[in-house]
Amino acid sequence: LMSMLQQGKKPTGFRDLAFHLFGGIEPGGLNIVAANSGVGKSYFLLNVGMNFVQRGEFVVYLSLELSEEMLGQRLDSMMTGIESRDVLKNIDKVVDGLSLVHKNCGSGRMHFKYMPTGSTVRDVEAWLKEIITVYGRKPDLILVDYLDLLHPEDKRVDINNLWLKDKYVAEKLRAMCMEHKICCFTACQL
């Protein structure tokens, strides 16, 4: 129990979610957001990441769907209040807004990475080790967008059996997070 107290939970920045998670997310835990297509799972993950960054924490966002540029544009929009479709038309305002946000976030940072669909948890872990080497620290939170697009390492697992594939991949992803003691959020489609 003392170990659990010392490890501590990390708040998501959402009061109602914190209530249901008994205070926050645990390092090593895998949290899965499930919803229909087009509901806003990626935006939710970005919001959780932004909340961590604003507390000065280090977040890595791995997308198997959206480009790094698209994710950056979405985050710029969220942090400045400028509509995503207007970000490129208002670059000076975005830069000014991000400068202000940066001052308030201190050492908080978010790193985006695109990986092709079909990547495996082994690929994610190799990238994570690279991130740790480059930044000299492990991230406080890893966001994987999204679980359904990761493939199992074991070629005997039928990728057409989505339940079995996602179960196998989720177990591997959680094991990686447990090993590195990193909080993780991912999403999957219903």
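Summarised in this report is the structure supplied together with it. Computed from a prediction, not measured in an experiment: that's the story for all the values here. (Residues numbered from 1 in each chain as written. Predicted model: local features only at pLDDT ≥ 70, side-chain atom pairs only at ≥ 80, totals over all residues. Heavy atoms only, no water.)

**A short note on helix α6 (residues 121-135)**
With 15 residues, α6 should cover 21 Å at 1.5 Å per step; its first-to-last C-alpha distance of 21 Å lies within 8% of that length. When α6 is considered as a whole, its buried residues turn out to be Val121, Val124, Glu125, Trp127, Leu128 and Ile131. Taken around the axis of α6, the buried residues stretch over an arc of 160°, which confines them to a single face. In α6, the exposed positions that point more than 90 degrees away from the buried face belong to Arg122, Glu130, Thr133 and Val134. Lining the buried residues of α6 we find β2 (58-63), β3 (109-114), β4 (141-145) and α7 (162-180). Remark: glycine 136 follows α6 within two positions and exhibits a positive phi of approximately 75°. (Helix = DSSP H or I, 4+ residues; strand = E, 2+ residues; numbered from the N terminus. Expected span 1.5 Å × (residues − 1). Buried < 20%, exposed > 50% of the residue type's maximum accessible area, 1.4 Å probe, protein only. Arc of directions from axis to C-beta. Contact = heavy atoms within 4.5 Å.)

**Quick notes on the packing of aromatic side chains**
Across all of its chains, the model carries 4 aromatic pairs by this definition. Aromatic side chains phenylalanine 14 and phenylalanine 44 sit 5.4 Å apart centroid to centroid with 25° between the ring planes, which places their arrangement in the stacked category. Of the two residues, phenylalanine 14 sits in the loop between α1 (2-7) and α2 (15-20) while phenylalanine 44 sits in helix α3 (residues 41-54), which places them 30 residues apart along the sequence. Owing to a relative accessible area of 29%, phenylalanine 14 belongs among the partly exposed residues under this scheme. Their ring planes at 55° and their centres at 4.8 Å tell us that phenylalanine 58 and tyrosine 135 sit as a pair that is tilted. Placement of phenylalanine 58 in strand β2 and of tyrosine 135 in helix α6 is noted, with a sequence separation of 77 residues between them. A relative accessible area of 28% places tyrosine 135 in the partly exposed class. Put simply, the rings of Phe14, Phe44 and Phe185 pair up and form one aromatic cluster. Against the face of phenylalanine 52 rests arginine 55, its NZ or CZ located 4.4 Å from the ring centre. (Phe/Tyr/Trp six-rings, centres within 6.5 Å; stacked < 30°, edge-to-face > 60°. Lys NZ or Arg CZ within 6 Å of the ring centre and 35° of its normal.)

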